[in-house]
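An overview of the molecular structure
Here are the chains, one letter per residue:
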Amino acid sequence: MKYIFCLLLLSFSVSCLKAQETQSILVNQNRLSGLIKELSTYGKNEAGGSDRVAYSPHDIAARKFLIQKLEKLGLEVSVDFSGNIIAKKAGSNPRLKPIIFGSHIDEVPNGGDYDGPVGSMGAIEVMETLLENNITTLHPLELILFTNEEGGVVGSRAIAGQLSPEALLTKSSSGLTQSEGIRAVGGNPDRIMEVKREKGDIAAFLELHIEQGGNLEKNQKQIGVVEGIVAIEWWQFTFKGMANHAGTTPMNMRKDPMLPAAKFILAVNETVKSYEGAQVGTVGKIEAFPGAGNVIPGEVTLNLELRDLSSEKIWKIYAELESKARAFAEESGTELQIVHQEVASKPALANPAIQKAIENSASSLGLSTMYLPSGAGHDAQEMARLGPIGMIFIPSKNGVSHSPQEYSSPEAIANGANVLLQTILRIDKELD
């Protein structure tokens with residue numbers, strides 16, 4: 001009996017020691033910074049921005065470089081039919097579903113060096129850290145560098161089974177259609193549906209990303225625990241009046257659609273701010289027809305975009321704005337036409353257990369945290385269709401993104417990668 005007790009005590013001590021060892025493991029900040037810098041050379045333009053749009057020669061060259069990097073690490077590397085680069089590391093229990101993590105390397109035209117690359121290169125650094133420390137997780141691990149995130153989350157939509165034949169015909173920023181681009185990076189659009197995974201096929205998905213906003217910096221927090229990725233809804237409002245001569249038509253005889261349009265734009269700002277929460281509303285496009293300085297416009301068209309984690313709140317705000325828009329039209333003697341545009345994305349809420357794992361991982365590293373929504377779309381939004389997700393944000397200097405001026409410090413990037421590493425190790429033990 002005493003012998004069995006000693007064995008149990010020894011086993012417990014070894015387990016505690018291993019837990020302490022994994023908690024003390026950190027990524028190599030200099031190596032990670034060097035990898036991000038090296039990736040940035042693929043597509044760097046004279047203005048200091050990045051022209052590494054998806055399917056471009058810069059993108060193709062960078063992908064080749066990273067595939068070779070992953071192969072040298074000894075990972076099982078493949079390119080699926082949608083062009084996603086997938087690197088696998090076996091777990092000790094092959095019956096478990098994989099924990100997947102990653103991001104993208106493509107950029108918007110004249111973009112920066114951090115949106116996408118931080119999460120992608122951070123994921124590679126996490127894999128390299130696990131390998132050099134001889135750590136084998138229970139779950140299999142998959143690192144995915146997704147195809148064309150900036151041009152419509154193409155690779156993650158394919159995995160989620162949401163990439164339609166029509167979507168493959170749309171043109172990308174490279175000038176190639178999605179179908180042509182997928183072929184250019186080694187995929188096969190004719191077999192795109194074979195990429196699809198079913199709900200429950202993954203244990204979890206994690207994505208490290210720059211915040212693309214100023215909340216973390218403003219609140220002096222080091223790690224953002226993402227609550228979810230917002231829903232987005234678009235509408236087109238058209239106010240119709242009567243075009244007429246600007247010089248000969250008295251002010252009290254006009255049917256000027258610019259007046260209700262202007263009132264409506266102000267109302268969007270006032271109404272959205274009147275609600276509790278982090279919802280946002282934007283009028284980012286307005287067109288007057290015929291568009292001449294000496295002609296009262298006959299028609300004014302503008303767009304309305306609303307974003308929030310709650311679709312219910314979005315539609316509640318919309319209903320109030322619609323009522324105000326119709327009142328403005330009636331007051332000005334104009335007509336109003338509203339079209340809901342089918343470009344909406346549904347909210348993707350982060351898993352509470354994964355949120356807690358991210359928070360605890362950050363805390364164990366001595367890093368401060370705050371919970372916040374993601375106002376931008378990410379590959380995680382599509383992966384949420386398959387299983388629980390979590391996202392880790394790091395500060396963006398001055399809240400700038402999609403610009404050559406976007407920047408996150410090497411320390412902030414390493415913090416995020418360390419939280420990603422520790423979160424993977426935590427949920428590996430907690431998830432079935």
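Just so it is clear, the structure is predicted and the values come from calculations on it, not from any experiment. (Residues numbered from 1 in each chain as written. Predicted model: local features only at pLDDT ≥ 70, side-chain atom pairs only at ≥ 80, totals over all residues. Heavy atoms only, no water.)

1. Section: the overall build of the protein
- Within the protein one finds 13 helices and 16 strands.
- Its C-alpha atoms give the protein principal-axis dimensions of roughly 100 × 45 × 40 Å.
- Burial status across the protein gives 49% buried among its 432 residues.
- Restricting the contact set of the protein to residue pairs at least 6 apart, pairs at least 24 apart contribute 79%.
- Element-wise, carbon and sulfur atoms account for 53% of the exposed surface of the protein, whose accessible area totals about 20100 Å².
- The averaged location of the 51 negative side-chain charges in the protein is 3 Å from the averaged location of its 40 positive side-chain charges. (Helix = DSSP H or I, 4+ residues; strand = E, 2+ residues; numbered from the N terminus. Buried < 20%, exposed > 50% of the residue type's maximum accessible area, 1.4 Å probe, protein only. Contact = heavy atoms within 4.5 Å. Areas by Shrake-Rupley, 256 points an atom, 1.4 Å probe, with all protein chains shown as cover. Lys, Arg positive; Asp, Glu negative; His and termini not counted. Charge placed at Lys NZ, Arg CZ, Asp CG, Glu CD.)

2. A look at helix α2 (residues 29-40)
- For α2, with 12 residues, the first-to-last C-alpha span of 17 Å sits near the 16 Å given by 1.5 Å per residue.
- Those residues of α2 that are buried are in contact with α3 (57-72), α4 (117-132) and α13 (410-430). (Expected span 1.5 Å × (residues − 1).)

3. Notes on the confidence of the model for the protein
- On average, residues of the protein carry a pLDDT of 93, and 94% of them reach 70 or more.
- Long-range and interchain partners of residues 3-17, a stretch whose pLDDT sits below 50, account for zero contacts in this model, where long-range means more than four residues apart. (pLDDT = per-residue confidence, 0-100.)

4. Digging into the packing of α2 against α13
- Remark: α2 packs on α13, axes separated minimally by 10 Å, with the N-to-C direction vectors making an angle of 110 degrees. In terms of orientation, α2 lies roughly perpendicular with respect to α13. Across the interface between the two elements, Gln-29, Leu-32, Ser-33 and Ile-36 from α2 touch Pro-410, Glu-411, Ile-413, Ala-414 and Ala-417 from α13.
- Classifying every residue of the contact of α2 with α13 gives six nonpolar, two polar and one charged. (Axes fitted to C-alpha atoms, helices over the stretch in contact; angles between N-to-C directions. Parallel < 35°, antiparallel > 145°, perpendicular 65-115°, else oblique. Nonpolar A, V, L, I, M, F, W, Y, C, P; charged D, E, K, R; others polar.)

5. Digging into a nonpolar patch on the surface
- A contiguous nonpolar patch, built from Met-258, Ile-265 and Ile-286 and spanning about 210 Å² of accessible area, is present on the exposed surface.
- The residue Met-258 is located in helix α9 (residues 258-273) in this model. (Patch = residues over 30% accessible without salt bridge, like charges linked within 9 Å, V, L, I, M, F, W, Y side chains within 5 Å. Salt bridge = Lys/Arg side-chain N within 4 Å of Asp/Glu carboxyl O.)

6. Topic: the side chain of Glu-128
- In this fold, Glu-128 is placed in helix α4.
- Under the relative-accessibility criterion, Glu-128 is labelled buried at 14%.
- Aside from chain neighbours lying at most four places away, what touches Glu-128 is Arg-31, Lys-69 and Leu-73.

7. Considering the environment of Phe-146
- Note on placement: Phe-146 falls in strand β4 (residues 141-146).
- With a relative accessible area of 3%, Phe-146 lands in the buried category.
- Between the alpha carbons of Phe-146 and Val-77 there is a distance of 13 Å; along the sequence they are 69 residues apart.
- Excluding its chain neighbours within four sequence positions, the residues that come into contact with Phe-146 are Asn-84, Gly-102, Ser-103, His-104, Asp-106, Gly-155, Ser-156, Ile-159, Phe-205, Asp-379 and Met-383.

8. Comments concerning the pattern of salt bridges
- In this structure the tally under the stated criterion is 17 salt bridges.
- A salt bridge links Glu-128 to Lys-69, with the shortest nitrogen-to-oxygen separation between them at 3.0 Å. Within this pair, whereas Glu-128 is found in helix α4, its partner Lys-69 is found in helix α3, the two being separated by 59 residues in sequence.
- Residue Asp-190 pairs with Arg-183 through a salt bridge whose shortest N-O separation is 2.8 Å.
- Look at Asp-190 and you get exposed, because its relative accessible area is 62%.
- With relative accessibility at 42%, the residue Arg-183 sits in the partly exposed group.
- Through salt bridges that share partners, Arg-31, Lys-69, Glu-125, Glu-128 and Glu-132 make up one connected network.

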